[in-house]
Amino acid sequence: MWYNEQAGYMIKVAVIGGGLSGTLTAMRLLEHIGERVSVTLVERKTRQLQRGVAYSARLSQQLLNVPAGNMSLFAEKPNDFLEWLHAGPMPAAVPNDLV
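Structural notes, computed from the coordinates.

Calculation notes
Residues numbered from 1 in each chain as written. Predicted model: local features only at pLDDT ≥ 70, side-chain atom pairs only at ≥ 80, totals over all residues. Heavy atoms only, no water. Helix = DSSP H or I, 4+ residues; strand = E, 2+ residues; numbered from the N terminus. Buried < 20%, exposed > 50% of the residue type's maximum accessible area, 1.4 Å probe, protein only. Contact = heavy atoms within 4.5 Å. Areas by Shrake-Rupley, 256 points an atom, 1.4 Å probe, with all protein chains shown as cover. Phe/Tyr/Trp six-rings, centres within 6.5 Å; stacked < 30°, edge-to-face > 60°. Core = buried A, V, L, I, M, F, W, Y, C linked by side-chain atoms within 4.5 Å. Pairing = 2+ DSSP bridges. Right-handed = clockwise from strand over helix to strand, strands pointing away.

Helix and strand counts for the protein chain stand at 2 helices and 2 strands. Secondary structure elements of the protein chain, listed N to C terminal, follow the sequence β-α-β-α. A burial count over the protein chain gives 22% of its 99 residues as buried. Of the contacts made within the protein chain by residues no fewer than 6 positions apart, 52% connect residues no fewer than 24 positions apart. Summed over all atoms, the accessible surface of the protein chain reaches about 7400 Å², with 55% contributed by carbon and sulfur.

What follows deals with the environment of V39. Positionally, V39 belongs in strand β2 (residues 37-42). As a C-alpha pair, V39 and I11 span 28 residues in sequence and 8.4 Å in three-dimensional space. Apart from residues lying up to four places away in sequence, V39 is in contact with V13, V15, A26, L29 and L30.

We now examine the packing of aromatic side chains. Aromatic rings considered in pairs are described by the distance between their centres and by the relative angle of their planes. Per the stated rule, a full pass over the model turns up 1 aromatic pair. Aromatic side chains F81 and W84 sit 5.9 Å apart centroid to centroid with 20 degrees between the ring planes, which places their arrangement in the stacked category. Of this pair, F81 and W84 both sit in helix α2 (residues 80-87), 3 residues apart, which is roughly one turn of the helix. F81 gets classed as buried once you look at its relative accessible area, which sits at 18%.

Formed by L64, A68, F81, L82, L85, A93 and V99, the largest nonpolar core amounts to 7 residues. Every residue in contact with L85, bar those within four places of it in the chain, is listed here: A68, M90, P91, A93 and V99.

Before going further, it helps to examine the pairing of β2. If a strand is regular, its side chains alternate between the two faces of the sheet. Two strands pair when backbone bridges link them, and strand β1 (residues 11-16) and β2 are joined in this way by 6 bridges, in the parallel orientation. Following the sheet pairing, K12 is matched in β2 by S38. Assessed by its sense of winding, the connection that carries the chain from β1 through helix α1 (residues 20-33) to β2 is right-handed.

The analysis is restricted to geometry; functional conclusions fall outside its scope.
Below, the structure is given as structure tokens:
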């Protein structure tokens, strides 16, 4: 159901899978459509919510297999992961670091 200014109805979306991809999908819908969308994120395994299978392991550290400089959640922000590292856990991180 698409938003119609005159009728005033909203888009209702259910995103199945609450891991990283599902969470990012919900974020992008809210970012681009905003108040005209109602998003329900569905995940049957609470431990995987916002993490997915890859990041729900109970390890103190997980080494990524991609250099930090090549990691990004958003195409329009190619350095967002590296900037996050600099602001938080690894201020001295460089683009070639595997973290």
